[in-house]
Every structure is written in structure tokens, then in C-alpha cells.
Amino acid sequence: MRAEILRVEPAPPAAIAMGDQRLDTARWESAWRSFLDEDHAEALERARECLDSVVVRGRASAGAGDGPTVRDAVVLAARCLFQLDRRAEFDVLAASAGRWGLVPEALPELEAIQLAFGCKAGEYARVVAECTTWIEARRRELPPGIADFMYLRGLALSHLGEPRRAREDAEAAFALFRVLDREFEGARTANLLGIVAFREARFDDAETWWRRAHEIHAGLGMIKNMGGNRLNLGIAAYKRGRFHRAEGELQAAVRLLAQVGARVSLCRAGLALGQVLRLRGQLATARAQLLESFRQAGELALPREEALALEYLGDVQRDEGRLDHARRYYNRALTLAAAIAPDGDIVMEVRHRQGECLGRLGRSGEAVDLLRQALGQARRLGDRFEEGAIRRTLAVNLLTLADPESAVSAINDSVRLLREVGAEHELALSLVVAAETGLARLESGLLAEPQSVLEDAWQDALAALHLQLRVESEAGIRRAREVVARVADRRQRLAQEPVLPATGQRPTSVSAAPVRIVHVSSVFRDLIQLVDAFADSDEPVLITGETGTGKELFAQRLHESSRRRGRELVAVNVSAVPESLFAREFFGHVRGAYSGADGDGQGLAGRADGGTLFLDEIGDLPLELQPRLLRLLQDGTYQAIGDPAQRHTNLRLVAATNADLGALVAAGRFRADLYYRLRVLELKLPPLRDRRDDILPLLRHLLGEAAGRPVELAAYFSHASLERVQRHRWPGNVRELAMVARQAHLQMVTRGRVLVELDALDGQRLRLDGPEAGAVEPSVGEPGGVRSGGRALILAALTATRGNRAQAARRLGVSRSTLYRQMERLGIEARVAGS
């Protein structure tokens with residue numbers, strides 16, 4: 001309803017004078033006190049009594065003193081009707097104001113209250129437009145009522161996502177209210193300024209304004225508003241990571257609000273308290289608190305608070321690792337929130353959380369799409385706090401999708417934003433991710449200056465630990481300490497290559513980082529993670545798999561990832577050692593132990609002291625030596641040939657075989673007790689045919705090794721040949737693939753083109769030729785691309801860019817989102833892990 005409804009016929013002079021009549025002071029003070037106590041129904045009755053008494057007394061007290069007037073009572077009644085959300089009664093009051101001689105021009109407060117009803121209804125654009133018209137028409141006069149309209153316009157602008165303009169109007173309104181000595185309105189405006197600052201993540205400013213509002217409310221004795229201010233201060237404290245202070249503020253808010261039975265505000269305080277309890281790791285208590293707040297929100301018909309409760313309950317489930325349960329809560333929250341404000345803050349927050357869950361469930365492509373939606377909303381809302389948090393989650397998923405450049409950009413922006421807003425807990429989380437991102441880049445082995453990246457990771461990890469210690473988050477402290485330890489370990493390994501005490505030489509097996517294992521398949525990524533988890537154990541490891549699957553490479557990574565990497569990795573192929581010489585080679589001998597023993601022989605067991613002993617083809621170990629190996633594993637003792645004394649060695653045994661040891665045990669050719677001792681930790685390497693996504697990356701890597709420089713697959717092979725490469729069963733696994741790579745490179749060098757013909761062990765024939773001159777390969781986005789061979793094109797592009805999706809998309813001439821969708825559809829995962 002527009003403001004014109006207040007324009008009524010001018011009243012006669014006697015009626016106009018009635019608006020200036022003084023009220024009964026006792027009645028007025030009772031009405032005003034009830035209003036300040038936020039008992040708006042009681043205040044409305046008292047205001048009506050004031051007006052009724054004027055009608056009875058007529059004009060007897062007109063102009064007597066400076067006390068409250070009829071005009072004040074009408075405005076108070078209108079305010080009460082607004083607080084009680086009784087729009088129809090307000091319209092009647094506004095239309096009948098003329099009987100008191102109160103025309104709109106003389107009573108702008110009624111028009112302002114009418115526009116406030118518009119804000120309640122979500123008509124923010126209309127409110128801004130009408131407030132602007134009113135202000136511009138009176139800018140030169142600066143009537144007292146202009147403060148109300150500036151406040152309202154600031155309020156509407158804050159809801160429209162224009163914080164700068166909202167802040168300007170609200171600050172002007174606050175200054176005017178102070179000049180006019182309108183304390184109640186000043187406190188209300190200070191609260192709005194706190195909200196605007198909070199939404200912009202200017203937490204210091206928000207706390208300043210809310211403390212000022214609390215001070216004014218305390219002077220007025222407004223307990224409910226004081227409780228609301230303490231509630232806001234508690235929320236600001238937990239956003240900044242000050243969890244102890246946040247809990248204290250919220251408990252104080254609950255005590256104040258309980259005094260006046262402010263159920264709505266109590267529900268909101270309960271929500272905030274539940275979130276703080278969750279952040280402090282008290283998940284069971286947090287869940288109980290949030291469930292109670294959800295029940296209260298339902299009883300009070302507060303859909304926004306219901307959505308928040310569901311969002312926070314999802315957070316509890318997520319923190320407990322119950323991601324499917326968390327997503328169900330988030331979906332319910334999103335349904336409620338989208339019905340209230342489709343582009344609002346809750347929708348943005350829930351999308352962020354859904355993206356986080358999808359990423360943790362291994363669906364990073366979907367997660368990135370959702371997170372980018374949330375990021376756009378956060379930026380439109382000007383919420384730098386949430387923007388920083390979303391960018392952190394985005395970085396984690398981009399790294400998983402092998403897009404390190406974008407991941408670094410996202411996490412750097414996250415750290416910058418969260419540092420600017422002073423959100424210590426969230427900043428600590430982002431610094432941990434920044435350090436982990438640096439470590440992942442080091443693992444790639446592609447950095448020209450690894451030292452600078454490692455130093456940045458070190459500083460990030462230390463800063464994260466420092467902040468988590470201040471925040472006193474136990475889970476955060478544990479995670480930060482883990483990352484500090486990992487970075488410290490890498491720094492130590494990069495800073496110095498240890499010297500072997502026995503020889504004074506630097507062992508060739510020692511390197512600054514674990515051996516590189518080229519792959520893009522998830523099955524190999526999981527195996528590498530398992531290797532790194534096994535690395536620091538002293539238990540034996542059994543690696544099984546067909547010939548050529550990479551067993552020795554995994555043994556090297558086990559050693560180089562372990563704390564034994566400073567000593568020697570002694571590798572021996574058991575099947576290559578004659579049975580008659582095995583005891584001597586393995587355990588060593590003393591001078592004179594046999595004919596020709598002119599000196600002591602250390603033996604493999606002695607050489608591996610402090611390091612790792614790798615026994616390939618363990619299934620060929622002579623049966624009579626198996627008990628001695630078992631004894632060595634059990635107590636670290638052995639006897640050299642010709643020496644009656646026991647010797648001790650501290651080694652870690654890694655064994656490998658392509659045989660079925662279980663079948664050898666059943667056939668009596670391998671001891672069962674040794675078999676079970678070796679199987680404490682087991683790695684089963686799949687054949688190349690069971691991880692076809694790795695074939696093209698490996699082929700490119702092997703061609704590069706043959707050429708001594710990086711090469712492109714497209715320079716050697718036609719598109720059809722690459723498809724045949726992927727379909728081939730590769731019974732010889734990587735060794736067979738390496739043979740093809742060497743042949744292809746030699747043919748390219750000697751003949752200028754490739755034509756490899758291979759009769760495989762399984763009878764399958766493979767023919768590979770080079771690209772035709774001038775041929776144009778279909779792009780990933782074309783019908784002939786994805787549907788007929790797009791998998792090879794994508795894998796070739798990922799291989800050429802070492803798994804970097806952003807670069808691969810550029811090579812293919814498509815957007816990253818298109819590439820992500822195609823990879824999701826084809827089940828391709830991209831990562832070149834290891835260094």
C-alpha cells in the first residue's frame with residue numbers, strides 16, 4: 001500500500017490543534033515502558049488509553065508544557081502494530097490520523113512505518129525507491145523524519161546485497177538520531193550497522209557497533225534487545241575463531257532472553273550455541289542442542305531457523321564422517337532455504353557444504369560445479385568469510401582433479417580473504433590446505449625450484465599450528481601438527497642427503513623425494529597411498545603381481561619413503577642366485593670358511609643393516625633356507641658361514657613374487673609359517689590390462705625416457721594406433737610396453753616414421769603406425785571425438801600435460817567444465833603422483 005492512503009481531507013483548525021495536546025504523563029510512561037520491555041500488545045493498549053483520555057478531556061491541556069503529545073501516542077501505537085505485524089489495523093490508524101490533525105506531511109513516521117511493512121514483505125526495491133523519493137524531495141530542508149527514511153533505505157539495501165550504500169545510509173541515520181536524542185532509534189541503527197559489517201566479514205566493526213547498541217539498550221533497560229546484541233557478539237566471536245568467548249557471549253544472551261521469554265531469539269541463540277559446541281568438538285552435545293533448536297523453530301514457524309538447524313545438523317554428521325547422512329540434512333535445508341530466499345546466504349552455505357561432501361565422496365567434478373555456484377553467490381552477497389571458505393574447498397577438489405595451477409590460485413585467494421577478515425579458525429584450515437597443496441606440487445616432480453615451494457609450505461604449516469593453538473581446537477591442532485611433521489620431513493630430506501657411515505658415500509637409493517610412479521588410475525593412486533602408509537613400519541611387505549607390473553618400483557618407493565632411506569636398499573633376484581651359493585650370498589662368510597674364501601664376506605643381510613632388503617621372486621627361495629630367513633625376520637639374528645657366533649642385523653624385508661605362494665605352500669614348496677610372516681602387509685599390483693587409463697601416460701613416459709626428452713604421443717602414433725594400444729591386453733605389462741616404446745623411438749630416429757608389429761605372448765597381434773601427414777585428429781567436443789575414441793584423446797592430452805586438466809582442456813580446445821563432464825562420463829581420473 002502506497003503512502004498516498006495517508007492523504008486525507010484537511011481537518012478544521014480545532015482538530016489540528018488536538019494533535020498537540022499533552023498526554024497524561026503516568027499513562028504515557030506506562031505505555032513507553034511496556035514498549036521498551038517489548039511487550040508490544042500491552043504498550044498498544046496503554047497508547048490507546050492515552051488517546052482515549054484526550055478525547056474525554058477534549059482540548060483542556062492543549063499546549064501545557066513540553067510533555068508527550070497525541071502525536072507521540074499515535075506514532076507509538078503504529079510502532080506497536082508494526083511489531084505485532086497487524087498491517088490491517090495500521091492501515092486503519094493511518095487513514096484516520098486526520099481526526100487528530102495529523103496529516104502525512106506533519107507525521108512522516110507513519111509513512112516510514114508503512115515502508116517498514118514493505119521491508120517485512122520483502123519489497124526491498126520498492127522501499128529503496130520510495131525512500132529515495134522522500135529523501136530527495138526534502139534534502140535541502142533536512143526535517144527530523146529524514147533519519148527514519150535513511151535508516152529504512154539502508155535496511156532495504158542491506159537485504160539487496162549492497163552493503164556499501166547500506167552502510168552510508170545507516171551511518172548518516174545514526175548520526176542524525178544522536179543529534180535528535182532518539183536513543184531507541186540510534187540503538188536500532190547501530191545494530192543494523194553491525195549486521196552490515198558482519199555480512200561483509202568486517203568482524204571488528206560489527207562487534208564495535210553491537211557493543212554500542214548494547215550500551216544504549218542497557219541504558220534504556222531493554223533486556224530483550226540486550227540479549228540480541230550479546231547473541232550477535234557471540235556469532236561474531238565464533239566466526240573469528242574465538243570459541244571460548246563466543247560460548248560465554250551466547251550463554252549470557254540465553255540468560256537475558258530467558259528473563260523476558262523471547263522465544264524466537266532464544267531459538268536463534270540455541271542454534272549459534274550448537275554451532276560453537278560443534279566447532280569445539282563436542283559433537284554429541286551440539287547435536288542435542290541443535291535438535292532442540294530445530295524443534296523450537298518448527299513450533300514458532302520460523303523456516304529460516306529450521307533451515308539453519310538442518311544445515312548445522314548436517315555439519316555434525318559431516319564431522320563424524322557420515323557424509324550420506326550429512327547430505328540428506330543439507331538437501332532438506334536447501335529446500336527450505338530456497339523457498340525463502342533462492343539467492344540468500346543459507347542456499348550459498350549449503351551448496352558449499354554439499355560440494356565439500358561430494359569431494360570427500362570422490363565426486364570432485366560435481367563438487368567443483370557446485371562450489372563455483374556457491375562462490376558466485378558469496379561474491380554477490382559480499383560475504384568474504386564464506387568466499388574464503390569456499391575457495392579453500394574448491395582448491396582441495398581442483399588438486400584432486402589434477403589442476404594444480406587453479407588449486408594454488410584458489411587457496412592463495414582463500415588465505416588472503418580469511419586473513420583480511422580475521423577469521424582465525426578458518427584461516428588456519430586454509431593454511432593447512434596451502435601447505436598440503438605445496439607438498440602435492442612437490443610430489444609431482446615438475447617444479448623447477450622445489451625449495452621455495454617447500455619453504456612456503458613450511459611457513460604455512462607453522463602459521464596454521466600457531467593459529468590452532470590460539471583457537472584451542474583439538475582436531476585442528478592434531479591436523480596442523482601432522483602437516484608440520486610432513487613438511488619438516490620433506491625439508492630435512494631436501495636439505496641434505498645423508499652419508500652412509502660404513503662407506504662415506506652418498507647412496508644412490510637416497511633421494512629428496514619418493515620414486516616417481518607414473519599413473520592416472522585410482523587403483524594405483526590407492527596403492528601408492530597404501531605404500532606411503534606402510535613406509536615407516538618395520539613389518540615385512542609382500543608385493544605380488546605379474547611380471548612387469550612394477551613390483552621393484554614399489555619396493556623402491558617403500559624404502560625411499562621410510563626412515564631407513566638414509567641407508568642402503570639391497571635388491572636381489574632370488575631366482576638369479578644359484579642354490580648352492582645362496583646361503584653364502586645371503587648370510588656372508590668368514591675367512592677360510594670354504595676353499596677360496598680369502599677374506600670375510602659381509603652378505604646381503606649385513607649390507608642391509610639399517611636399511612631395506614628387497615628379495616624379488618621370493619617363491620624361488622630354497623626350502624632349506626626358509627627357516628633361516630624366518631628366524632631373521634623374527635629376532636634379527638643369523639649366522640655367517642664358518643662363524644659360530646650369532647650376528648644381528650636391523651633390516652626391513654620387502655619380498656616380491658609373481659607366483660601363487662598359497663599354491664606353493666599347498667604343494668610343500670614354501671613354508672606356511674614364512675608365508676604368513678611375509679603377508680603381514682601385502683600389496684597386490686594389478687596387471688596393465690586392469691588399469692587401462694595408465695597405458696598412454698606410461699607410453700609417453702617410456703618414449704620420453706628413450707628419447708631423453710619430453711615427447712608427444714601424437715608425433716609417434718596415429719589416433720587409431722593409440723586406440724589399439726589401449727585395447728591390447730599387454731600380457732608382458734609395462735616391460736612389453738617399454739619394448740614398444742623403444743622400438744617406436746628407434747624407428748622414428750632411423751626411418752623417420754613408426755611401424756611397430758608385435759606378436760604378443762597371448763597370440764594377439766598388434767600393429768602400430770605413425771600419424772598420416774596432414775591428418776587432423778578429432779577434438780574432444782566433436783562427434784568423432786568423444787564417441788569414437790575420445791577416451792584416448794583425453795588421456796593423451798592429460799598425459800602430455802602431466803595430468804593438468806586446465807592445460808589439457810586448452811590442448812583439446814574445450815572448456816574445463818566440458819572436459820570434467822567427459823571425464824566423469826568416461827570414468828577417467830587424472831593424476832600423475834609421486835615425484
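Residues numbered from 1 in each chain as written. Predicted model: local features only at pLDDT ≥ 70, side-chain atom pairs only at ≥ 80, totals over all residues. Heavy atoms only, no water.

## Focus: the overall build of the chain
Helix and strand counts for the chain stand at 38 helices and nine strands. In the chain, which comprises 835 residues, the share counted as buried stands at 54%. Of the contacts formed within the chain by residues at least 6 apart in sequence, a portion of 68% connects residues at least 24 apart. As presented, the chain carries roughly 36,400 Å² of accessible surface, and 49% of it is formed by carbon and sulfur atoms. (Helix = DSSP H or I, 4+ residues; strand = E, 2+ residues; numbered from the N terminus. Buried < 20%, exposed > 50% of the residue type's maximum accessible area, 1.4 Å probe, protein only. Contact = heavy atoms within 4.5 Å. Areas by Shrake-Rupley, 256 points an atom, 1.4 Å probe, with all protein chains shown as cover.)

## Things to note about the nonpolar core
Counting 65 residues, the largest nonpolar core has Val74 and Phe90 as its most contacted members. Looking at this core element by element, the count peaks at 10 residues for helix H4 (residues 70–83). Filtering out sequence-adjacent residues up to four positions away, Phe90 remains in contact with Ala78, Leu81, Leu110, Ile113, Gln114 and Phe117. Membership of the second largest hydrophobic core comes to 54 residues, among which are Leu394, Leu431, Ala435 and Leu442. (Core = buried A, V, L, I, M, F, W, Y, C linked by side-chain atoms within 4.5 Å.)

## Structural notes on the pattern of salt bridges
All chains considered together, the criterion is met by 64 salt bridges. We note a salt bridge from Glu89 to Arg48, for which the minimum N-O separation is 3.1 Å. Taken as a pair, Glu89 in helix H5 (residues 87–95) and Arg48 in helix H3 (residues 40–57) lie far apart in primary sequence, 41 residues in all. By relative accessible area, which is 32% here, Glu89 ends up partly exposed. The class for Arg48 is partly exposed, based on a relative accessible area of 31%. Put simply, Glu89 and Arg86 hold a salt bridge, and the shortest N to O gap is 2.9 Å. Linked through salt bridges whose partners overlap, the residues forming this network are Arg278, Glu311, Asp315, Arg318, Asp319, Arg353 and Glu356. (Salt bridge = Lys/Arg side-chain N within 4 Å of Asp/Glu carboxyl O.)

## A look at the packing of aromatic side chains
Taken as a whole and judged by the stated rule, the model has 15 aromatic pairs. Summarising the aromatic geometry, the rings of Phe524 and Phe554 are spaced 5.3 Å apart at their centres and angled 85° between planes, so their arrangement reads as edge-to-face. One end of the pair, Phe524, is in helix H25 (residues 522–534); the other, Phe554, is in helix H26 (residues 551–560), and 30 residues separate them in sequence. For Phe554, a relative accessible area of 1% gives the class buried. On the basis of an interplanar angle of 50° and a centroid distance of 5.2 Å, the ring pair of Tyr675 and Tyr676 is categorised as tilted. Tyr676 sits in the exposed class, given a relative accessible area of 56%. (Phe/Tyr/Trp six-rings, centres within 6.5 Å; stacked < 30°, edge-to-face > 60°.)

## Remarks on unusual backbone geometry
Backbone geometry at Ala301 places phi at a positive 55°, although glycine is not the residue there. Take Ala301: it is sitting in the loop between helix H15 (283–299) and helix H16 (303–319). Residues other than glycine seldom take positive phi values, yet Asn733 does so here, at roughly 55°. In this fold, Asn733 is placed in helix H34 (residues 733–751).

## A few points about the sheet that holds strand S7 (residues 681–684)
Pairing is parallel across the open sheet formed by five strands, whose spatial order is S2-S3-S6-S1-S7. Because the sheet does not close on itself, it has two edges, and the strands there are strand S2 (569–573) and S7. Neighbour-to-neighbour, the strand axes of this sheet turn through a mean angle of 15°, independent of strand direction. Strand direction decides the pairing type here: S2 and strand S3 (residues 612–616), joined by five bridges, are parallel. Across the sheet, Ala571 pairs through a bridge with Phe614, a residue of S3. Against the sheet, H26 makes contact with strand S1 (541–544), S2, S3, strand S6 (652–657) and S7, and its axis sits at roughly 155° relative to S1, the strand it touches most. (Pairing = 2+ DSSP bridges. Axes fitted to C-alpha atoms, helices over the stretch in contact; angles between N-to-C directions.)

## Focus on helix H32 (residues 695–707)
Taking 1.5 Å of rise per residue, the 13 residues of H32 would be expected to cover 18 Å, and the 18 Å separating its terminal C-alpha atoms lies within 8% of that figure. When H32 is considered as a whole, its buried residues turn out to be Ile695, Leu696, Pro697, Leu698, Leu699, Arg700, Leu702, Leu703 and Gly704. (Expected span 1.5 Å × (residues − 1).)

## Considerations on the environment of Leu300
Relative to the elements of secondary structure, Leu300 occurs in the loop between H15 and H16. Through-space distance from the C-alpha of Leu300 to that of Val264 is 7.2 Å; in sequence the pair is 36 residues apart. If we skip the residues at most four places from it in the chain, Leu300 touches Arg263, Val264 and Cys267.

## Here we look at the side chain of Asp616
In this fold, Asp616 is placed in strand S3. There is no salt bridge for the buried Asp616, and the closest opposite charge comes from Lys551, which lies 5.3 Å off by N-O distance. (Lys, Arg positive; Asp, Glu negative; His and termini not counted.)

## Looking at the pairing of S6
Counting buried positions along S6 yields six of six residues, so the element is predominantly enclosed. Side chains Arg652, Val654 and Ala656 of S6 all project onto a buried face; the interleaved residues Leu653, Ala655 and Thr657 project onto the opposite face, where all are buried too. Sheet topology places S3 next to S6; five bridges connect them, and they run parallel. Bridge pairing in S6 links Leu613 to Leu653.

## Points about the side chain of His352
Mapped onto the elements, His352 comes out in helix H18 (residues 345–360). We classify His352 as buried; its relative accessible area is 6%. Here Thr393 takes part through its side chain, which lies 2.7 Å from a polar atom of the side chain of His352. With sequence-adjacent residues up to four places away left out, His352 is seen in contact with Leu371, Ala374, Glu386, Ala389, Ile390 and Thr393. (Polar contact = N/O pair within 3.5 Å; in protein donor to acceptor, adjacent residues only side chain to side chain.)

## Thoughts on the packing of H18 against helix H20 (residues 384–400)
For the pair H18 and H20, the least separation of the axes is 10 Å and the interaxial angle reads 20°. The angle between H18 and H20 falls in the class roughly parallel. Crossing of H18 against H20: the hand is left-handed. On H20, the residues that touch Met348, Glu349, His352, Gly355, Glu356 and Gly359 of H18 are Glu386, Ala389, Ile390, Thr393 and Asn397. (Parallel < 35°, antiparallel > 145°, perpendicular 65-115°, else oblique. Left-handed = near helix turned anticlockwise from the far one by under 90°.)

## Re the confidence of the model for the chain
On average, residues of the chain score 83 in pLDDT, and 86% of them reach the 70 mark or higher. Per-residue pLDDT, averaged within each element of the chain, yields its smallest value for helix H35 (residues 783–786) (38) and its largest for H15 (95). In this model residues 58–64 is a low-confidence stretch, pLDDT under 50, and it forms 10 contacts with partners more than four residues away in sequence or in other chains. (pLDDT = per-residue confidence, 0-100.)

## Structural notes on helix H10 (residues 183–199)
Between its first and last C-alpha atoms H10 spans 24 Å; for 17 residues at 1.5 Å apiece the expected length is 24 Å, and the two agree. Counted residue by residue, H10 has 13 buried out of 17 residues, so it is predominantly covered. Positive phi shows up at Ala201, right after H10, with a value of about 65°.

## Quick look at the state of the cysteines
The final tally for this structure, using the stated rule, is zero disulfides. In this structure Cys119 is not part of a disulfide, and its nearest cysteine sulfur, from Cys131, lies 7.1 Å away. (Disulfide = S-S within 2.5 Å.)

## Focus on the packing of H10 against helix H11 (residues 203–220)
Look at H10 against H11: their axes get within 8 Å of each other, and the N-to-C directions meet at 160°. By the criterion of interaxial angle, the relationship of H10 to H11 is roughly antiparallel. In terms of crossing hand, the pair formed by H10 and H11 is left-handed. Residue-level contacts link Glu183, Phe184, Gly186, Ala187, Ala190, Asn191, Leu193, Gly194, Ile195, Ala197 and Phe198 of H10 to Phe203, Asp205, Ala206, Trp209, Trp210, Ala213, Ile216, His217 and Leu220 of H11. Tallied by class, residues from the contact of H10 with H11 come to 14 nonpolar, four polar and two charged. (Nonpolar A, V, L, I, M, F, W, Y, C, P; charged D, E, K, R; others polar.)

## Things to note about the environment of Ser158
Checked against the element boundaries, Ser158 lands in helix H8 (residues 146–159). When the C-alpha atoms of Ser158 and Ile195 are compared, they prove to be 8.6 Å apart, with 37 residues separating the residues in sequence.

## Regarding the environment of Ile216
Positionally, Ile216 belongs in helix H11. The exposure class of Ile216 is buried, given its relative accessible area of 19%. Apart from residues no more than four positions distant in its own chain, Ile216 is found in contact with Phe174, Glu183, Gly186 and Ala187.

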